[in-house]
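For reference, the chains in residue letters:
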Amino acid sequence: MNKELRVAAINDLSGASRCSLTTALPIISAMGINCCVMPTALLSNHTGYSSFFFEDCTNQMQEFSDKWENLELHFDCIFSGFLGCAKQIETVEHFIDKFADEKTKILIDPVMGDNGEIYSTYTDEMCSKMKRLVKRADVLTPNLTEACSLCGIEYAGEHPDDRTLIQICKKLLELGAKSVVLTGCKCENYISNYVYSGNEGRKYSSELIPKYFTGTGDVFASIVCAMITKGKSVFEAVEFATDFVHRAASYSYSIGITVNEGIAFEKFLGLLTAQI
Ligand code: PXL
């Protein structure tokens, strides 16, 4: 019996960018896990650039799912990220119904918005379908914008106090997620990820790097995905991912990487391999 671990990563493929599948594949692979990728869209580069090629892959997702079913693939984790329309959210629900057993971990990164704004492409129908998908999550990794939208509360700003963070996490657990990681909560010189799981809340912080890099959240979620697939707790996963992102972001800042280039994580992949 093949004991290799396998993840299905469902996200967009932005060829010349470090985000979504171009981070999930190297990171999950470096951690010794077979990473199967299902593109939700094909882009030449991410949408933060003024120009990009974009092709929706909604129909191809169903084809992938059908062929993977024929191959009798088993997944230890299903990791969902950027979904471009309501139909894609339904496709992920069907994918989970088909491929997940009681041991399969489900990680949902509800890519819906940032900095207090829900993306203009994210319709009300998508918001309500995403709320339904959240019920399936073993681990949910929203930023504050996404978390507030899912809970139906006003954006809490970038620096909510701990009481507010706990309230938001509890509301997300009420939606059905088993564990919640609120990402990118800023406070003075620190940036924190707040984990709530099994009636316990813990905050993991690192020094704030004075620059934002596109796709940092995707690097973070990919590490959390690999760690929970390997059986680590969500607390251990977030502690490690917080430290890794801090190291790679400091380095990126020190060598003058620009926002759209995304976080330069390649030199640090050895730290992930050492986790195996
Ligand atoms: O999470 C970053 C990201 C991923 N995928 C696409 C994006 C971005 C950020 O702009 O445009 C397509």
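One structure accompanies this document, and this report is about it. Counting restarts for each chain, with residues numbered from 1 along the sequence as it is written. Residue-level local features of this predicted model are given only where pLDDT is at least 70; pairs of side-chain atoms are given and counted only at 80 or more, and the full residue set underlies all totals for whole chains, interfaces and linings. Here the side-chain values reflect all heavy atoms present in the structure, with hydrogen atoms and water set aside.

Attention now moves to the site of the ligand. Near is defined per residue: the residue qualifies when any heavy atom it owns lies within 4 Å of the molecule or strand. In the vicinity of the ligand, the contacting residues are D12, S14, C19, S20, L43, H46, T47, G48, T214 and D218. Pairing of N or O atoms within 3.5 Å defines a polar contact, subject to two protein rules: one partner must be a possible hydrogen donor and the other a possible acceptor, and residues neighboring in sequence count only if both atoms are side-chain atoms. A distance of 2.8 Å separates a nitrogen atom of the ligand from a polar atom in the side chain of D12. Computed by Shrake-Rupley with a 1.4 Å probe, the accessible areas treat only the displayed protein chains as cover when residues are assessed. Protein chains bury 81% of the 310 Å² of accessible surface belonging to the ligand in isolation.

Only C-alpha atoms enter the line fits that serve as axes; for helices the fit covers just the stretch in contact. Angles between N-to-C directions range over 0 to 180 degrees. Only DSSP runs of H or I with at least four residues qualify as helices, and only runs of E with at least two residues qualify as strands; both kinds are numbered from the N terminus onward. The interhelical angle for the contact between helix α3 (residues 86-99) and helix α4 (residues 124-134), taken along N-to-C directions, is 15°, at an axis separation of 9 Å. On the basis of their axis angle, the class for α3 and α4 is roughly parallel. Judged by the sense of rotation from one axis to the other, the crossing of α3 with α4 is left-handed. Between α3, through A86, I89, E90, V92, E93 and I96, and α4, the contact on the second element is made entirely by E125, M126, K129, M130, R132 and L133. Looking at the contact of α3 with α4, its residues break down into 7 nonpolar, no polar and 5 charged. Each angle receives one of four descriptions, namely roughly parallel if under 35 degrees, roughly antiparallel if over 145, roughly perpendicular if within 65 to 115, and oblique otherwise. With the far helix as reference, a near helix turned anticlockwise by less than a right angle produces a left-handed crossing, and one turned clockwise produces a right-handed crossing. Contacts: residue pairs with any heavy atoms within 4.5 Å of one another. Nonpolar residues are Ala, Val, Leu, Ile, Met, Phe, Trp, Tyr, Cys and Pro. Charged residues are Asp, Glu, Lys and Arg, and all others, Gly as well, are polar.

With that out of the way, let us pick up the pattern of salt bridges. When a carboxyl oxygen of Asp or Glu lies within 4 Å of a side-chain nitrogen of Lys or Arg, that pair is called a salt bridge. Within this structure, the stated rule accounts for 12 salt bridges. Here K203 and D162 are joined by a salt bridge, their closest N and O atoms 2.9 Å apart. Taken as a pair, K203 in strand β11 (residues 200-207) and D162 in helix α6 (residues 162-174) lie far apart in primary sequence, 41 residues in all. Residue classification places K203 among the partly exposed residues on the basis of a relative accessible area of 37%. Note on exposure labels: buried denotes an accessible area under 20% of the residue type's maximum, exposed denotes more than 50%, and partly exposed covers the range between, all computed with a 1.4 Å probe on protein chains only. Look at D162 and you get partly exposed, because its relative accessible area is 38%. The salt bridge partner of R247 is D243, with a shortest N-O separation of 3.0 Å. With R247 and D243 both in helix α8 (residues 234-254), this residue pair falls 4 residues apart, about one helical turn. The class of R247 is partly exposed, set by a relative accessible area of 41%. With relative accessibility at 35%, the residue D243 sits in the partly exposed group.

Here we come to helix α7 (residues 216-229). Turn by turn, an α-helix covers 3.6 residues, leaving residues three or four places apart pointing in a common direction. An ideal rise of 1.5 Å per residue puts 20 Å on 14 residues; α7 measures up with 20 Å between its terminal C-alpha atoms. Counting buried positions over the 14 residues of α7 gives 13, a clear majority of the element. One or two residues past the end of α7 sits G231, with phi positive at roughly 95°. Here, expected helix span is obtained from the residue count minus one, scaled by 1.5 Å.

With that out of the way, let us pick up α8. Between its first and last C-alpha atoms α8 spans 30 Å; for 21 residues at 1.5 Å apiece the expected length is 30 Å, and the two agree. Residues of α8 that are buried include every one of V234, F235, A237, V238, F240, A241, T242, F244, V245, A248, A249 and S252, and no others. The secondary structure elements touched by the buried residues of α8 are β8 (139-140), β9 (179-187), β10 (190-197), β11, α7 and α9 (269-273). Just past α8, the residue G256 takes up positive phi, approximately 75°.

Attention shifts here to the state of the cysteines. Disulfides are defined in this document as cysteine sulfur pairs within 2.5 Å. One pass over the full model with this rule turns up 0 disulfides. With no disulfide of its own, C148 lies closest to C151 among cysteine sulfurs, the gap being 6.5 Å. C148 gets classed as buried once you look at its relative accessible area, which sits at 1%.

Turning next to a nonpolar patch on the surface. A patch consists of residues whose relative accessible area exceeds 30% and which take part in no salt bridge; residues with like charges are grouped when within 9 Å of each other, and nonpolar side chains (Val, Leu, Ile, Met, Phe, Trp, Tyr) when within 5 Å. On the surface, L13, L42 and F53 cluster together into a nonpolar patch covering about 240 Å² of accessible area. Position of F53 among the secondary structure elements: in the loop between β2 (34-43) and β3 (54-56).

This part takes up the environment of A221. Looking at the secondary structure, you find A221 in helix α7. Taking relative accessible area as the criterion, A221 reaches 1% and is therefore assigned buried. For the pair A221 and V181, spaced 40 residues apart in the sequence, the C-alpha separation amounts to 9.6 Å. Leave out the neighbours within four places in its chain, and A221 touches F79, L107, D109 and T141.

We now examine the nonpolar core. Nonpolar side chains tend to gather and get buried jointly when the protein is soluble and globular. We define a nonpolar core as any set of buried Ala, Val, Leu, Ile, Met, Phe, Trp, Tyr and Cys residues linked to one another through side-chain atoms lying within 4.5 Å. Residues I28, F79, I223 and L272 are the most contacted members of the largest nonpolar core, which totals 45 residues. Of all the elements in the fold, those that place two or more residues in this core are β1 (6-14), α1 (21-30), β4 (77-80), α7, α8 and α9. With 10 residues, the top contributor of residues to this core is α8. With residues near it in sequence (within four places) discarded, I28 still touches V7, I33, C35, F79, S222, C225 and A226. Judged by nonpolar contacts, the second largest core, of 42 residues, contains A8, L73, M130 and A147.

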